[in-house]
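# Summary of structural features
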Amino acid sequence: MEEVAAIRRAALDAVDDVEPGRLRERIEQRLTDGSMAPGVLTVLSARAVHEHLLDATDREPFPSEAVTERGAGVQLIYEGLGLTRSLVQEDPWSVDASENGHDEADIDADMAILVADILVARGFYLLARTEAADAAVDTVRAFGRDQTTRRVTGDASLDRNLEADVFELAVVTGTTAVGGSAPGKLREYAMDLARTNGSLPVADGLFSESTVDTLSGLADGPPDGGNVATSADH
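Residues numbered from 1 in each chain as written. Predicted model: local features only at pLDDT ≥ 70, side-chain atom pairs only at ≥ 80, totals over all residues. Heavy atoms only, no water.

Below, the discussion takes up the overall build of the protein. Helix and strand counts for the protein stand at ten helices and zero strands. For the protein, the α and β elements follow one another from N to C terminus as α-α-α-α-α-α-α-α-α-α. Counting across all 234 residues of the protein, residues that qualify as buried make up 49%. Residue pairs at least 24 apart in sequence account for 80% of intrachain contacts in the protein once pairs closer than 6 positions are excluded. When the accessible surface of the protein is totalled, it reaches about 11400 Å², and 47% of it is carbon and sulfur. (Helix = DSSP H or I, 4+ residues; strand = E, 2+ residues; numbered from the N terminus. Buried < 20%, exposed > 50% of the residue type's maximum accessible area, 1.4 Å probe, protein only. Contact = heavy atoms within 4.5 Å. Areas by Shrake-Rupley, 256 points an atom, 1.4 Å probe, with all protein chains shown as cover.)

Attention now goes to helix α2 (residues 21-33). Compared with the 18 Å implied by 1.5 Å per residue over 13 residues, the 18 Å span of α2 between its first and last C-alpha is a close match. Of the residues making up α2, those classed as buried are L23, R24, I27 and L31. All buried residues of α2 fall inside an arc of 100° around its axis, so they share one side. Facing away from the buried surface of α2 by more than 90 degrees, the exposed residues are R22, E25 and D33. (Expected span 1.5 Å × (residues − 1). Arc of directions from axis to C-beta.)

What follows covers the nonpolar core. Ranked by internal contacts, the top residues of the largest apolar core, which has 41 residues, are A37, V40, L41, F167, V171, F207 and L215. Counting residues per element, this core draws most heavily on helix α3 (residues 37-52), which supplies eight residues. Apart from residues lying up to four places away in sequence, F167 is in contact with A37, P38, L41, A190, L193, A194, L200, L206 and F207. The next biggest cluster of nonpolar side chains, apart from the first, holds 19 residues, and it includes I27, L83, L87 and L126. (Core = buried A, V, L, I, M, F, W, Y, C linked by side-chain atoms within 4.5 Å.)

Moving on, we come to helix α10 (residues 211-219). Along α10, the residues that are buried comprise T211, V212, L215, S216 and A219. Projected down its long axis, α10 carries its buried residues within an arc of 130°, all on one side. At its buried positions, α10 is contacted by α3, α7 (161-177) and α8 (184-194).

A few words on the packing of helix α4 (residues 64-90) against α7. The N-to-C vectors of α4 and α7 enclose an angle of 165°; their axes lie 10 Å apart at closest approach. When the axes of α4 and α7 are compared, the pair comes out roughly antiparallel. In this structure, α4 crosses over α7, and the sense of that crossing is right-handed. In contact with V67, R70, V74, Y78, L81, G82 and R85 of α4, α7 contributes L162, E163, V166, L169, A170, T173, T176 and A177. (Axes fitted to C-alpha atoms, helices over the stretch in contact; angles between N-to-C directions. Parallel < 35°, antiparallel > 145°, perpendicular 65-115°, else oblique. Left-handed = near helix turned anticlockwise from the far one by under 90°.)

Here we take up the packing of aromatic side chains. The description of two aromatic rings rests on the distance between their centres and on the angle between their planes. The final tally for this structure, using the stated rule, is one aromatic pair. Relative to F207, the ring of F167 lies with its centre 6.3 Å away and its plane at 35°, an arrangement referred to as tilted. Within this pair, whereas F167 is found in helix α7, its partner F207 is found in the loop between α9 (203-206) and α10, the two being separated by 40 residues in sequence. We classify F207 as buried; its relative accessible area is 4%. (Phe/Tyr/Trp six-rings, centres within 6.5 Å; stacked < 30°, edge-to-face > 60°.)

Our focus in this paragraph is the environment of A136. Looking at where A136 falls in the secondary structure, it is placed in helix α6 (residues 133-153). Spatially, the C-alpha atom of A136 lies 9.6 Å from that of V172, the residues being 36 residues apart in sequence.

This next bit is on the pattern of salt bridges. Opposite charge on two side chains makes pairing possible when the charged atoms of those side chains draw close. All chains considered together, the criterion is met by eleven salt bridges. A salt bridge links E3 to R47, with the nearest nitrogen and oxygen atoms 2.5 Å apart. Placement of E3 in helix α1 (residues 2-14) and of R47 in helix α3 is noted, with a sequence separation of 44 residues between them. For the residue pair E3 and R47, the accessibility class agrees, reading buried in each case. Between R150 and D159 there is a salt bridge, with the nearest N and O atoms lying 2.8 Å from each other. Within the structure, one salt-bridge network assembled from shared partners comprises E19, R24 and E28. (Salt bridge = Lys/Arg side-chain N within 4 Å of Asp/Glu carboxyl O.)

Moving on, we come to the environment of S208. Relative to the helices and strands, S208 resides in the loop between α9 and α10. Judged by relative accessible area, S208 falls into the partly exposed class, the value being 43%. Along the primary structure S208 and M1 are separated by 207 residues, whereas in three dimensions their C-alpha atoms are 10.0 Å apart. For S208, the side chain forms a polar contact with the side chain of S210, separated by 2.9 Å. (Polar contact = N/O pair within 3.5 Å; in protein donor to acceptor, adjacent residues only side chain to side chain.)

Structure, rendered in structure tokens:
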């Protein structure tokens, strides 16, 4: 799937200037190993609207570079929040180890949280001047509320909201990139796609050739504000 490579390249380009090199390498490793599904869904959503919904006589060429950059923004936000979620669950700062070992664990955890912060910040930067900027903020706020509630209640099911919310953000980001919108039924479909057990599968295993057709059919409806229904509404 060519979209996978394009999203990964754009995400890596967005962090190319991070210093020092050791920190950048950790970020690059995270992006190299991760599923590019959120970013790819952004591109597929944009393509669905562009190819199937807009009047062909007035349609401009597909803005591949701009859409890919938005997809990278969604991907970076997901990677940063996903890493944060892992750190919250594992609480590596409380590792029971020797004094020197504990110091090393603290340094590694501190580096990880810095990586997470940079990923989210760069993702926000790529979406800051787009129609999806508010939706991105809502996604991060919903994540914070979920993790706060999880820590108090121990409800691990809240962890699954992240993928659902990010996929919803992806379809909002993609459809608005080409002048469309994401009706509620489209956002619900995206959230259902994300409800997997454990980590997200690779994009090739999650999206089929019929995905764009399904997305275009669900997007064919009147705009309803384009707001992301975050986990606070689940």
